[in-house]
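Here's the letter readout for the chains.
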Amino acid sequence: MTTRQTLDTRASSLMLLLCLLWGLQQVVLKATAHEIAPIMQIALRSGVAALLVAGLMWWRKEPMSLTNGTLPAGLVVGALFALEFLLVGEGLRYTSASHAVVFLYTAPIFAALGLHLRLPAERLSALQWLGISLAFAGIVLTFFGRSQPGGVTLSSNMLLGDALSLLAGMSWAATTVVVRCSRLSSASASQTLLYQLVGAFVLLMLAALATGQTTIHFTPTVWASLMFHSVIVSFASYLAWFWLLRHYLATRLGVFSFMTPLFGMAFGVWLLNEPLEASFVAGAALVMAGVMLVSLRGVIRWPGRLQSRA
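Let me sum up the structure you'll find in this document.

Rules of the game
- Residues numbered from 1 in each chain as written.
- Predicted model: local features only at pLDDT ≥ 70, side-chain atom pairs only at ≥ 80, totals over all residues.
- Heavy atoms only, no water.
- Helix = DSSP H or I, 4+ residues; strand = E, 2+ residues; numbered from the N terminus.
- Buried < 20%, exposed > 50% of the residue type's maximum accessible area, 1.4 Å probe, protein only.
- Contact = heavy atoms within 4.5 Å.
- Axes fitted to C-alpha atoms, helices over the stretch in contact; angles between N-to-C directions.
- Parallel < 35°, antiparallel > 145°, perpendicular 65-115°, else oblique.
- Left-handed = near helix turned anticlockwise from the far one by under 90°.
- Nonpolar A, V, L, I, M, F, W, Y, C, P; charged D, E, K, R; others polar.

1. Let's talk about the overall build of the protein chain
For the protein chain, the count of helices and strands is 12 helices and 2 strands. Along the protein chain, helices (α) and strands (β) appear in the sequence α-α-α-α-α-α-β-β-α-α-α-α-α-α when read from the amino end. Here the protein chain holds 310 residues, and the buried ones make up 55% of them. Summarising the internal contacts of the protein chain: among those between residues at least 6 apart in sequence, 88% fall at separations of at least 24.

2. Some words on the packing of helix α7 (residues 156–180) against helix α9 (residues 220–247)
Packing of α7 against α9 leaves a shortest axis separation of 11 Å and a crossing angle of 50°. Considering their axes alone, α7 and α9 lie oblique with respect to each other. The hand of the α7/α9 crossing is right-handed. Here Trp172, Thr176, Val179 and Arg180 of α7 lie close against α9, whose contacting residues are Trp241, Phe242 and Leu245.

3. Overview of the environment of Gly283
Tracing the backbone through its elements, the reader meets Gly283 in helix α12 (residues 278–295). The buried category is assigned to Gly283, whose relative accessible area is 0%. Spatially, the C-alpha atoms of Gly283 and Gly138 are 4.0 Å apart, while their sequence positions differ by 145 residues. Aside from chain neighbours lying at most four places away, what touches Gly283 is Gly138, Leu141 and Thr142.

4. Observations regarding the environment of Leu56
Relative to the helices and strands, Leu56 is located in helix α2 (residues 38–59). Residues Leu56 and Ser190, 134 residues apart in the sequence, show an inter-C-alpha distance of 8.2 Å.

5. Digging into the packing of helix α3 (residues 71–91) against α7
Running from amino to carboxyl end, α3 crosses α7 at an angle of 160°, the nearest separation of the two axes being 8 Å. With respect to each other, α3 and α7 are oriented roughly antiparallel. Regarding α3 and α7, the two cross each other, and that crossing is left-handed. Of the residues in α7, those in contact with Ala73, Val76, Val77, Leu80, Phe81, Leu83, Glu84, Leu87, Val88, Glu90 and Gly91 of α3 are Gly161, Leu164, Ser165, Leu167, Ala168, Ser171, Trp172, Ala174, Thr175, Val178 and Val179. The class makeup of the residues in the contact of α3 with α7 is 15 nonpolar, 5 polar and 2 charged.

The quantities given are spatial measurements derived from coordinates; they are silent on function.
Below is the structure:
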């Protein structure tokens, strides 16, 4: 497998921009949910983005072979990608965008655990295990003892939405592990992304049809949202992500992951007037601190036993 690099200025700047875009996407999905169901919007954006990626590969004369050994892993990541966004779309029906983005971006924690079991280069240090412990403590805190202003216990629907968003984060983590530990590790970013986008389009369209979530009101806001999600998020940002994943260590990339929930919560409060409970904020802070600790190995040097030995 290709040797991955530690973070440099180019990767850091690109990850910061990606985190901002990914923090905004859940808010945009939630804001337009009354005009187009989230899973329908994600299905359509995946289809449009798949055409853009296929066009880019044709323009670059980049081969797309189904006989190069990547098809089995491609089918798996396509299904996992569809599952991730099915869970995101359903979760947004019940919980806030602020909650959804925090739970979705627990993915680096689960990815680190999966890669620890599969790749020697991604073994977890004592510091990273501390980060994982903090993150799981934060998840527990966000689920238990929360209340809305006035002492009203959060509804079971919101807790269901939060749980679905957490499962979406696990699906994303599983996708990362499959990409890193299969033939897709050496495949082009375009081919890997095309597998995922086609899988998401087909499976989410079927899910939308099966659940009756196909109604669309084509307002200017919906068109703008579809353009944002199709061209900027699903096409440009995902291509950039897979390029980063192929060239840099996954746990190093996660050093910026805590920024996405921060952006998501800020956009949710600012654009959607979503309330944030004090205990949820405290739990989210623990989760983000845990993600930072898991991702800091190799970025700074820690003394004594805390220093990475991988």
